[in-house]
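One letter stands for each residue in the lines below.
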Amino acid sequence: MALNVHHLGIAVPDVDAAVLVYSDLFGATLEHRESLDDQGVLAASLLVGPSRIELLEPLGEDTPVGRFLAKRGPGMHHVAFEVADVVAELARLRAHDVQLIDEEPRRGLFGLQVAFVHPEATGGVLAEFVADGS
Ligand code: CO
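What you are looking at is a predicted structure, and each value in this text was computed from that prediction instead of being measured.

Trainee: Which parts of the structure should I look at to understand the coordination of the cobalt ion?
Mentor: For a metal with four tetrahedral donors the ideal donor-metal-donor angle is 109.5 degrees, while six octahedral donors give ideal angles of 90 or 180 degrees. The cobalt ion binds to the protein through His 7 (NE2), Glu 54 (OE), His 78 (NE2) and Glu 128 (OE), with metal-donor distances spanning 2.0 to 2.3 Å. Here the cobalt ion is ringed by four donor atoms whose angles at the metal span 86 to 166 degrees, and the overall shape comes out irregular. Along the chain, the residues that donate to the cobalt ion are spaced as H-x46-E-x23-H-x49-E. Placement of Glu 54 in strand β4 (residues 51-58) and of Glu 128 in strand β8 (residues 126-131) is noted, with a sequence separation of 74 residues between them. Exposure remark for Glu 54: the relative accessible area of 9% places this residue in the buried category. Glu 128 gets classed as buried once you look at its relative accessible area, which sits at 3%.

Encoded structure:
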């Protein structure tokens, strides 16, 4: 079960421009910026008090976020739920025939373990599990 909402993921065409917008409008502070080549994104993690927003700029058109931007434009991309054990959560959902994008966890920002649940399973919102990878 989810422990809390870890972050909201937002697709943007230019991550550095978006960092400035979120910092100017909402006082968000840049926590971390990293290129995740295997996921095809340049990602920036921002803190707003104890809460976190993840801005995602695609590294190319033929990437998941690149296709999302082309189809739907910039905006909300996913909700990430923190869990104790991503593998266990995937197994629990699989046992309920929930449609998954990732059958195994992969490496996300900060080296966290992440895995995505298909938006078909949630009523249209991509969901992500996040757990400490260590
Ligand atoms: Co995320």
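Trainee: Where do I start with unusual backbone geometry in this structure?
Mentor: For residues that are not glycine, phi is negative in most cases, and the peptide bond is trans in most cases. Look at Asp 97: it is not a glycine, yet its phi comes out positive at around 60 degrees. Looking at the secondary structure, you find Asp 97 in the loop between α3 (86-95) and β6 (106-107).

Conventions and cut-offs
Think of each chain on its own: its residues are numbered from 1, step by step along the sequence as written. Selection of residues for local features in this predicted model requires a pLDDT of at least 70, selection of side-chain atom pairs for listing and counting requires 80 or more, and totals for whole chains, interfaces and linings are taken over all residues. Derived side-chain values reflect all non-hydrogen atoms in the structure, with water molecules and hydrogen atoms excluded from consideration. Donors, by definition, are the N, O and S atoms found within 2.8 Å of a metal, the threshold being 3.2 Å for Na, K and Ca, and water is not counted, so a site can look incomplete. A four-donor site is called tetrahedral if each angle lies between 85 and 135 degrees; a four-donor site is square planar, and a six-donor site octahedral, when trans pairs exceed 155 degrees and the remaining angles lie between 65 and 115; all other cases are labelled irregular. Counting from the N terminus, the helices are DSSP H or I runs at least four residues long and the strands are E runs at least two residues long. Remark: exposure states derive from per-residue accessible area (1.4 Å probe, protein chains only) relative to the maximum for the residue type, with buried under 20%, exposed over 50%, and partly exposed in between.

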